[in-house]
Amino acid sequence: MNSRSYKSRLRELVRRREFGIFIIIVIVMVLVGLRNPIFFTGDNWKDMLMYASILAFISIGQMMTIVTGGIDLSVGSVVALSGMSVGIIMRDNPALPPVVLILLGTVFGLGCGIINGLLIGKGKVHPLITTLATMSIYRGLVVVVSRSRWVVYGDITKGFKLIARGNILGINNLMFAALIIAVVSYYFLNHTRKGREIYAYGDHQEAAKFVGINSTRINILVYALSGMLAGFGGVLWVSRVHTAQANTALGYEMQTIASCVIGGVSIFGGVGSVFGVLLGTLLFGIILNSLELIGIVDFWKLSVQGFIILVAVIFDAVLSHRVAEQMRKQRRVFDAE
Amino acid sequence: MEHLLTLERITKIFTGTLALSDVDFDLRQGEIHALVGENGAGKSTLIKIITGIYQPDGGQMTLEGRRVVFPDARASYDHGIAAIYQEASLFEDLSIAENIYMGHQEIRPVTRNIRWGALYRKAGEFIKSLEVNLNPRALVKSLSIAEKQLVEIIKALSADAKILIMDEPTASLTKEEIDYLFRIARKLREEGTGIIFISHRLEEVFDIADRVTVIRDGKKVGTVPKDKLKVEELVRMMVGKDLKTLYPKEEVEIGEPVLRIENLSRHGEFDKVSFELKKGEILGMAGLVGAGRTEVARTIFGVENPEGGRIFLEGKQVRIENPRQAMELGIAYLSESRGEYGLVLQLDITQNITIPILKRFSRFGWINRTDERDTAKRFYDLLDIRATGIQQKVGSLSGGNQQKVSLAKWLAANAKILILDEPTKGIDIATKAAVHKLMSDLAGEGKAILMISSEIPEIIGMSDRIIVMNEGRLVSEITRREATQEIVLTAALGEKGK
């Protein structure tokens, strides 16, 4: 049996991917650092990591939906809706403790996610269509709940600002939250039955039926989690940028998808890891930050985002084709004996 | 003997069609009960009802004297029913061990996390106890087809079930592996397990079964103890009519070779395959699933490129790099899965027939609809496609009629060489006979046909000549006169010393 050599080869490839991301990170850092030395300052890194932290855990939620073979396009709108709702509640009740606001935002997100999950799981509507529709609906609701009055800097209470600014054990709250969510998600996805069922379902939906995996429940679960993380992210977002507007986190779904794809999550489902997504987010965060530092205008930023997604997908296609070819060549079809 | 499982008047309806109608079935403790019938007769549907994947629309199930209803596959598993499915039901990106225990992994009591160490150890020990050599940590996608089939079997056996269902478990196994599987099945029978066995190979049914139940067109034809059953009788029960009309092959004058394959190879798929296909000839290509037949066909059609060997068309060497070139050279390929890439299901019959030849009807980019319709109508009539008209959507046609539309498409495109991959898989018997008649007529008109089929009676009934593949090699060539079921099967199984 050659399975050991398959394994070592596979491991090698996986390693190469993470190594690849690492190399790209270094190259980008050097280039940008040469152009603009501000890049290497602690303040810039803190800024960037704070941005990447929110992106990281929302991308982890996104990853779960992509692993099932679906997608959640509504995350950006959920961030905005949760952020706006919480912002307004805070403006009207400045005495409310921030913890309550965080909980409220998370519950709003969870609600949005459950609606997505019910439509996809029970209603059997395609995830792309479902979340494309709810993306617009939730975005529309942002304007409705705000009655076109944005939450502005003056509305933000001191305690609320502290959510993003504060530290736990010397680590910034946002990074701490991302870290905890990453660890819990890793544990959930790799060490519980439900977590493994998510991978199995995304790998082969028909076979999942054969082992009694309930597709409705899996779908509701992943979209609910994705929505919940986006809702939580919405609160942190407003605390970080000090405003909530109709266009908050507009196009954010693209960033989460990009982080996943860069991190090796297969758009065909069944493959993806928390660690990969963290690396993907880090690289993506650095690139976004660099574009700003180099002084590239916003619409170019979008193009660059799209370009990165494209490169990552092509890279994956080439890689998986090569793996399949290698396996074919090693396969024991012609038995010598 | 005690009754383990009894099904009474089971009925199942799929969007208007009656897949099963009032089917009774019973399984005793310690017996191997074979379930036979043509493709599409309803065997797999019945199995999926027993395993809880489908829910019956009528009738009831009794397990060990108690009425049961299975809302999903896990419920039947919890009642001690395990199954080896015919189609691959494994998770490719997960390890062997995870595939075996998916859904019932051992977990720690409080934290509820999976005990990975125990999982791999248990899987390893179980695999070893079956005297199989597989690494439980290996990813399923790294395995060969036969190894995957073994994993399916191991997975079902690990359930330690009271009832074991084997839905064509032997389709892609080698002879030794089949013997091995049968040894296990007999041992389980002795221990009191009830086994439902589905196979297209009647000799296997006679070899291993205690009783045989025949299903045809969703209805039960009868249940007979094996000792009181003869092959001819069983076939008549299955097919419901005389075999001759099913294979209306006419003698045709065979012409010059049009296609010659020399030492065609693709590593891991097939090795040094050589054969000739002549004008007017139906060349049957037999072999087990996974023997490399489809891969050879796809390579000739340019879907994959050969790594060795040469292809000659009418004596001239050609390079076929993509399907488009193959089409231009007059080669057509009807894939096994029509729905997937043979036809555009949302388009109507006309549009499907004329896709490859639209150029013919268009001037300056405008399609002349009248010409297009006339051409489609001609082939529609020629192939006797049964539909409401040429404007009917292909997706709403029956399997056999879809197959005819694919044929019409290629005939309209003037294909000279037709490669038909499992041309009658999953279509009903009457249409099957019609497709066979059509093949015979096409050969009569001088087309050269390479027919891949896993149904040996079809191979024997329709071919002028038979080539047999086994594990990527062409192992035998048999003339129509000398072909028997046994000779073809023996070659396909690749028994040692032959």
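All figures in this text were calculated on a predicted structure; none of them were measured in a lab.

Asker: So what exactly am I meant to see when it comes to the overall build of chain B here?
Answerer: Tallying secondary structure elements over chain B gives 18 helices and 22 strands in all. C-alpha extents for chain B along the principal axes are approximately 75 × 50 × 45 Å. A total of 498 residues make up chain B; the buried ones form 56% of that total. Long-range contacts, defined as pairs at least 24 residues apart, comprise 65% of the intrachain contacts of chain B with a sequence gap of at least 6. Element-wise, carbon and sulfur atoms account for 48% of the exposed surface of chain B, whose accessible area totals about 21800 Å².

Asker: Just to check I follow, could you spell out the overall build of chain A for this structure?
Answerer: Looking only at helices and strands, chain A has 13 helices and 2 strands in total. The C-alpha radius of gyration computed for chain A amounts to 21 Å, which stays within 12% of the reference 20 Å derived for 337 residues, consistent with globular compactness. The principal-axis extents of the C-alpha atoms in chain A amount to approximately 80 × 55 × 40 Å. Counting only residues that meet the buried cut, chain A has 54% of its 337 residues in that class. Within chain A, counting contacts between residues at least 6 apart in sequence, those at least 24 apart form 79% of the total. When the accessible surface of chain A is split by element, carbon and sulfur atoms take 68% of a total near 15400 Å². The centroid of the 30 positive side-chain charges in chain A is displaced by 3 Å from the centroid of its 17 negative side-chain charges.

Asker: It is not clear to me how the side chain of B:T375 should be interpreted in this structure. Could you clarify?
Answerer: Residue and element names in this part refer to chain B. Its place among the elements puts T375 in helix α14 (residues 369–382). On the basis of relative accessibility, which here comes to 10%, the residue T375 falls in the buried class. The contacts of T375, once residues within four sequence positions are left out, are I357 and F361.

Asker: Honestly, the confidence of the model for chain A in this entry has me stumped. Any pointers?
Answerer: Note: predicted coordinates in regions of low pLDDT should not be interpreted at a detailed level. Chain-level statistics for chain A give a pLDDT mean of 86 and a share of 91% at 70 or above. Confidence drops under pLDDT 50 across residues 332–337 of chain A; counting only partners more than four residues distant or on other chains, this segment forms 16 contacts.

Asker: Teacher, can you tell me more about the interface of chain B and chain A here?
Answerer: It is common to give the size of an interface as the accessible area that goes away when the parts come together. Counting from both sides, the interface comprises 49 residues of chain B and, opposite them, 35 residues of chain A. Interface of chain B and chain A: buried area, both sides summed, is about 3800 Å²; carbon and sulfur atoms make up 55% of it. Of all residues in chain B, B:R74, B:F91 and B:S142 bury the most surface against chain A, accounting for 14% of the area lost on that side. The interface formed by chain B and chain A holds 2 salt bridges in total. Residue B:E98 pairs with A:R196 through a salt bridge whose shortest N-O separation is 2.6 Å. At the surface where chain B touches chain A, the tally comes to 10 residue pairs in polar contact (both at pLDDT 80 or more). If you list the elements that add at least two residues to the side of chain B that touches chain A, you get α2 (73–78), α5 (145–158) and β12 (270–278) of chain B.

Asker: Sorry if this is basic, but what is going on with the sheet that holds strand β5 (residues 66–68) of chain B here?
Answerer: Pairing between sheet strands relies on hydrogen bonds along the backbone, with the strands arranged either parallel or antiparallel. Residue and element names in this part refer to chain B. Reading across the sheet, the 4 strands line up as β2-β1-β4-β5 and stay open at both edges, with antiparallel pairing between neighbours. Strands at the two margins of the open sheet, each flanked by one partner only, are β2 (17–28) and β5. When the angles between neighbouring strand axes are averaged without regard to direction, this sheet yields 25 degrees. Note: strand β4 (residues 58–63) against β5, 3 bridges, orientation antiparallel. Pairing of L63 across the sheet is with R66, part of β5. Helix-sheet contacts for helix α1 (residues 43–50) involve β1 (3–14), β2 and β4, and the interaxial angle to β1 is about 120 degrees.

Asker: It is not clear to me how empty space enclosed by the protein should be interpreted in this structure. Could you clarify?
Answerer: Vacant regions in the atomic arrangement are exposed by a probe of water-molecule size rolled over the atoms. All names here are of chain B. Counting across every chain of the model gives 3 cavities of 30 Å³ or more. In this structure, the largest cavity occupies an estimated 220 Å³ of space. Elements with a contribution of two residues or more to the lining of the largest cavity: α2, β6 (81–84) and α5. For the lining of the largest cavity, the leading source of residues is α2, giving 4 residues. Of the residues belonging to the lining of the largest cavity, the class tally is 10 nonpolar, 4 polar and 3 charged.

Asker: Would you mind showing me how to read the pattern of salt bridges here?
Answerer: Where side chains of opposite charge bring their charged atoms close, a pairing between them can arise. Residues and elements named next belong to chain B. Taken as a whole, this structure holds 28 salt bridges over all chains when the rule is applied. E269 is the salt-bridge partner of R266, the closest N and O atoms lying 2.8 Å from each other. Note on E269: relative accessible area 16%, which makes it buried. For D441, the salt bridge identified is with K437, shortest N-O distance 3.2 Å. Here K437 and D441 lie together in helix α16 (residues 429–444), a separation of 4 residues that amounts to about one turn.

Asker: What is the right way to read helix α6 (residues 175–190) of chain B from this model?
Answerer: For an α-helix, 3.6 residues make a turn, and residues three or four places apart therefore share a direction. Taking 1.5 Å as the rise per residue, α6(B) with 16 residues should run 22 Å; its terminal C-alpha atoms sit 23 Å apart, in good agreement. Looking one or two residues beyond α6(B), the residue adopting positive phi is B:G192, at roughly 100 degrees.

Asker: Looking at this structure, how should I read the nonpolar core?
Answerer: For soluble globular proteins, nonpolar side chains are generally found buried alongside one another. One finds B:I96, B:V212, B:F275, B:I300, B:I331 and B:L418 to be the most contacted residues of the largest nonpolar core, which totals 132 residues. In terms of residue count, the dominant contributor to this core is α6(B) (7 residues). In terms of domain composition, this core takes at least three residues from each of domain 1 (3–239) and domain 2 (245–493) of chain B. Not counting the four nearest positions on each side in its chain, B:I96 is found in contact with B:I127, B:L134, B:N135, B:P136, B:A138, B:V140, B:L143 and B:V151. Within the second largest apolar cluster, 91 residues are counted, among which are A:M48, A:I58, A:I66 and A:L225.

Asker: Help me out: how do you make sense of the domain arrangement of chain B in this one?
Answerer: Domain parsing of chain B yields domain 1 (3–239) and domain 2 (245–493). Relative to domain 2 of chain B, the C-alpha centre of domain 1 of chain B lies at a distance of 33 Å.

Asker: Can you walk me through the side chain of A:N172 in this structure?
Answerer: Within the element layout of this structure, A:N172 appears in strand β2 (residues 171–172). A polar atom in the side chain of A:N172 sits 2.8 Å from the backbone nitrogen of A:L174.

Asker: I tried to follow the packing of aromatic side chains on my own but got confused; where do I start?
Answerer: The geometry of two aromatic rings is summed up by the distance between their centres and the angle between their planes. Considering all chains together, one arrives at 10 aromatic pairs over all chains under this definition. When the centroid spacing of 5.2 Å and the interplanar angle of 80 degrees are considered together, the rings of A:F39 and A:F40 count as edge-to-face. An aromatic cluster is defined as three or more aromatic residues linked by ring pairs; in this entry it consists of A:F39, A:F40 and A:W45. A cation over a ring is seen here: B:K122 above B:Y101, with NZ or CZ 4.6 Å from the ring centre. The aromatic ring of B:Y120 is capped on one face by B:R137, whose charged end is 4.1 Å from the ring centroid.

Asker: What's the story with the sheet that holds strand β7 (residues 163–167) of chain B in this structure? I'm lost.
Answerer: Residue and element names in this part refer to chain B. Strand order in the open sheet formed by 6 strands is β6-β7-β8-β3-β9-β10, and the pairing between neighbours is mixed. Pairing within the sheet leaves two strands with one partner each, and these edge strands are β6 and β10 (219–225). Along the sheet, successive strands turn relative to each other by an average axial angle of 20 degrees, direction set aside.

Asker: Quick question: what am I supposed to make of α5(B) here?
Answerer: Between its first and last C-alpha atoms α5(B) spans 20 Å; for 14 residues at 1.5 Å apiece the expected length is 20 Å, and the two agree. At the exit of α5(B) stands B:D160, carrying a positive phi of roughly 55 degrees.

Asker: Would you take a moment to explain the pairing of β1(B) for this structure?
Answerer: Residues and elements named next belong to chain B. Two elements, β1 and β2, share 8 bridges in a ladder whose sense is antiparallel. Of the residues in β2, the one forming a bridge with I10 is V23. Both β1 and β4 contribute to a ladder of 5 bridges, which runs antiparallel. Within the sheet, the bridge partner assigned to L5 lies in β4 and is L63.

Asker: Is there a simple way to think about the environment of A:K46 in this case?
Answerer: Residues and elements named next belong to chain A. One can find K46 in helix α2 (residues 42–67). Overall, K46 belongs to the partly exposed group, its relative accessible area being 37%. In sequence terms K46 and D72 are 26 residues apart; their C-alpha atoms lie 28 Å from each other.

Asker: I keep staring at the packing of α2(A) against helix α8 (residues 193–203) of chain A and nothing clicks. Help me out?
Answerer: Two quantities define a packed helix pair, namely the angle between the axes and the distance from one axis to the other. All names here are of chain A. Running from amino to carboxyl end, α2 crosses α8 at an angle of 45 degrees, the nearest separation of the two axes being 8 Å. On the basis of the axis angle, α2 is oblique to α8. Residues M63, M64 and V67 of α2 lie in contact with α8, whose contacting residues are I198, Y199 and G202. Residue composition of the contact of α2 with α8, grouped by class: 5 nonpolar, 1 polar and no charged.

Thresholds applied
Residues numbered from 1 in each chain as written. Chains lettered and ligands numbered in written order. Predicted model: local features only at pLDDT ≥ 70, side-chain atom pairs only at ≥ 80, totals over all residues. Heavy atoms only, no water. Helix = DSSP H or I, 4+ residues; strand = E, 2+ residues; numbered from the N terminus. Buried < 20%, exposed > 50% of the residue type's maximum accessible area, 1.4 Å probe, protein only. Contact = heavy atoms within 4.5 Å. Areas by Shrake-Rupley, 256 points an atom, 1.4 Å probe, with all protein chains shown as cover. Rg over C-alpha atoms; globule rule 2.2 N^0.38 Å. Lys, Arg positive; Asp, Glu negative; His and termini not counted. Charge placed at Lys NZ, Arg CZ, Asp CG, Glu CD. pLDDT = per-residue confidence, 0-100. Buried area = accessible area lost by both parts, 1.4 Å probe. Salt bridge = Lys/Arg side-chain N within 4 Å of Asp/Glu carboxyl O. Polar contact = N/O pair within 3.5 Å; in protein donor to acceptor, adjacent residues only side chain to side chain. Pairing = 2+ DSSP bridges. Axes fitted to C-alpha atoms, helices over the stretch in contact; angles between N-to-C directions. 1 Å grid on protein atoms, 1.4 Å probe; cavity = no way out; pocket = protein on both sides within 12 Å on 5 of 7 lines; lining within 4 Å. Points joined across faces, edges and corners; volume = space filled by probe spheres on them. Nonpolar A, V, L, I, M, F, W, Y, C, P; charged D, E, K, R; others polar. Expected span 1.5 Å × (residues − 1). Core = buried A, V, L, I, M, F, W, Y, C linked by side-chain atoms within 4.5 Å. Domains from an automatic or database assignment. Phe/Tyr/Trp six-rings, centres within 6.5 Å; stacked < 30°, edge-to-face > 60°. Lys NZ or Arg CZ within 6 Å of the ring centre and 35° of its normal. Parallel < 35°, antiparallel > 145°, perpendicular 65-115°, else oblique.

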